[in-house]
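# Coordinate inspection notes
Residue strings, one per chain:
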Amino acid sequence: MIIEAREDTIILRGEIRSNLWAAIQAAAALLLKNHPTGIIIDCTALSKITPSGAETFADAFRYIQERDARIVVAGLSPELVEIGKEVPGVRSQLPLADTVDEARASLQLEEITPVRGKARVAAVVPILGNWMSAISHAEKLATGESVEIHLVDLIKVPRTLPLGTPLPERETAGQERLERAAAAVRASGLKVFTHVERIRIESTGLVEFVKQLGADYAVVSIDRGERQDPHIEESEAMSLLEAADFEVSLVKGATSEDGVHAKHPVVPAVGAWSHALEHACKLAYGEHSVVTVVSIISVPRTEPIDAPRPDAEVAAQDAAKEAQRIARPYNVKINPVVERVRDPILGFMRLFSKYEFDLAVVGVMRETLGDYHIAHAIAQELLQELPCETVFLRTGI
């Protein structure tokens, strides 16, 4: 057996009849100093391997994983792969690539830890669904703030493969999307960073990435994009909302990708409505728009619809004043509406046949207090019925 270390690669030649990791480990440690994201084991010139010899790869995988790096085995023939699968530590964990070039291209996408810039706020946009619409939303939300945009390609690796397995076609397509997305952000004058994360589940992967980055919020499209683009199922997006302890905007029903936003947004004055109104004002900023803020007064069927509700009426007046204050810096007009209804969800949805709303933003707090259930139900109903573009805004607190 000949062992050669060169740049980021350990080259094995000849036969592996026993566990040779002890002989390889010193070379691996040296390579990892210069290539901390991962190294390659080139088996192109390997002629034979026994089950005992395959334990070399099991030990190699454990060693590299303990150092938060990746290892990819390249050029292992199908016959030798089958022999390696007889070893438990190899069978389910060994990432394979057809060539050294494929392995290297995949490893070059890795980051030890996601890098932030110097902006006060970091926004994350995963390249999912109609991601250009999500980017446009994120750019609008950055208005007047010190914000940097972090684009992340979430590469979903099937559970039938080790997480570190190179996926050349998917990785290449992802890089092309990231380049297009980054160019769009740069054109808006914002600082942009690109990242790649290998995941099993979109919601879990995105939550973990945002935590590692220390980002402030995420904007996620749950529309279907182009046929070849990755997307997140709506049920999975709901899981994301529950799992995340940071702010998340789910965007659905986008009518364009070119950054043209609403002329007449609507915000129900329930849940985290004041924060939702800020979002609506930013999304409509500079468009000479009118934002309708709807105060909902629920009246039981046992009483006349115009029965006095002093507390609710005062709350509606206060909401109208607060809405005017919030909107003033954005030069956006407010149209306060008070709607007396039997059912707050059905009553709000009926307004879409009366008004020509083109965007709805619903803010839902994490705490299940007060009218939380109404805000949550309205947001879900909007996503199902989709009378216009909808933002389900889940606050981080």
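Provided above is the structure to which this section pertains.
The notes below deal with the structure included here. The shown structure was predicted, so the numbers you read here are calculated from the model rather than taken from an experiment.

Next up on the list: the packing of aromatic side chains. Taken as a whole and assessed by the stated rule, the structure comprises 4 aromatic pairs. Look at F348 and F352: their rings are 5.6 Å apart centre to centre, the planes differ by 80°, and that puts the pair in the edge-to-face class. Judged by relative accessible area, which is 14%, F352 ranks as buried. Linked through ring pairs, F348, F352, Y355 and F357 together constitute an aromatic cluster. Between the NZ or CZ atom of R67 and the centre of the ring of Y63, over which it lies, the distance is 3.6 Å. Lying over the aromatic face of F193, K191 brings its terminal NZ or CZ to 5.7 Å of the ring centre.

Any two side chains of opposite charge can pair if their charged atoms end up close together. Taken as a whole and judged by the stated rule, the model has 21 salt bridges. When the shortest N-O distance is used, the salt bridge between R120 and E145 registers 2.8 Å. Within this pair, whereas R120 is found in the loop between α5 (100-107) and β7 (121-126), its partner E145 is found in the loop between α6 (131-141) and β8 (147-156), the two being separated by 25 residues in sequence. Put simply, E4, R6 and R13 are held in one network by salt bridges that share partners.

What follows covers the packing of α6 against helix α7 (residues 168-187). Put simply, α6 and α7 touch, their axes get as near as 10 Å, and they point 30° apart. Accordingly, the angle class assigned to the pair α6 and α7 is roughly parallel. Viewed along their axes, α6 and α7 form a crossing whose handedness is right-handed. In this structure, α6 uses W131, M132, I135 and E139 to contact α7, whose residues at the interface are R177, R180, A181, A184 and V185. Within the contact of α6 with α7, the residues separate by chemical class into 6 nonpolar, no polar and 3 charged.

For helix α1 (residues 21-34), built from 14 residues, the straight-helix expectation of 20 Å at 1.5 Å per residue is met to within 8% by its first-to-last C-alpha distance of 20 Å. W21, I24, A27, A28, L31 and L32 are the residues of α1 that are buried. Residues of α1 that are buried sit in contact with β1 (2-6), β2 (9-16), β3 (38-42) and α2 (51-66).

Most peptide bonds are trans, and most residues other than glycine sit at a negative phi. Non-glycine residue E7 carries a positive phi angle of around 55°. Assignment of secondary structure puts E7 in the loop between β1 and β2. On the basis of relative accessible area, E7 is assigned to the exposed category, the value being 60%. In this structure, D68 is a non-glycine residue whose phi angle is positive, near 55°. Structurally, the position occupied by D68 is in the loop between α2 and β5 (70-74).

Right, let's get into the pairing of β2. The side chains of a regular strand alternate, residue by residue, between the two faces of the sheet. Sheet topology note: the β1/β2 ladder contains 5 bridges and is antiparallel. Note that in β2 the partner of E4 across the bridge is I11. With antiparallel pairing between neighbouring strands as the criterion, β1 and β2 make up a hairpin whose turn holds 2 residues, including E7 at a positive phi of roughly 55°. As paired strands, β2 and β3 are joined by 3 bridges and run parallel to one another. Within β3, the residue paired with I11 across the bridge is D42.

You can see W273 is positioned in helix α10 (residues 273-283). Separated by 46 residues in sequence, W273 and A319 have C-alpha atoms that sit 9.4 Å apart. Excluding anything up to four places from it in sequence, W273 contacts V267, P268, V293, A319, E322 and A323.

We now examine the sheet that holds strand β12 (residues 265-268). Pairing within the open sheet is mixed, and its 10 strands lie in the order β9-β8-β7-β10-β11-β16-β15-β12-β13-β14. Either end of the sheet is taken by a strand with one partner, and the two such strands are β9 (191-199) and β14 (333-341). Within the sheet, the average angular offset between the axes of one strand and its neighbour, ignoring direction, is 20°. The pairing of β7 with strand β10 (residues 217-221) spans 2 bridges and is classified as parallel. Bridge assignment links V124 to a residue of β10, and that residue is A218. Relative to β8, α7 is tilted by about 165°, and along the sheet it contacts β8 and β9.

Each value, and the rule that gives it
Residues numbered from 1 in each chain as written. Predicted model: local features only at pLDDT ≥ 70, side-chain atom pairs only at ≥ 80, totals over all residues. Heavy atoms only, no water. Phe/Tyr/Trp six-rings, centres within 6.5 Å; stacked < 30°, edge-to-face > 60°. Buried < 20%, exposed > 50% of the residue type's maximum accessible area, 1.4 Å probe, protein only. Lys NZ or Arg CZ within 6 Å of the ring centre and 35° of its normal. Salt bridge = Lys/Arg side-chain N within 4 Å of Asp/Glu carboxyl O. Helix = DSSP H or I, 4+ residues; strand = E, 2+ residues; numbered from the N terminus. Axes fitted to C-alpha atoms, helices over the stretch in contact; angles between N-to-C directions. Parallel < 35°, antiparallel > 145°, perpendicular 65-115°, else oblique. Left-handed = near helix turned anticlockwise from the far one by under 90°. Contact = heavy atoms within 4.5 Å. Nonpolar A, V, L, I, M, F, W, Y, C, P; charged D, E, K, R; others polar. Expected span 1.5 Å × (residues − 1). Pairing = 2+ DSSP bridges.

Purely geometric numbers; function is a separate question.
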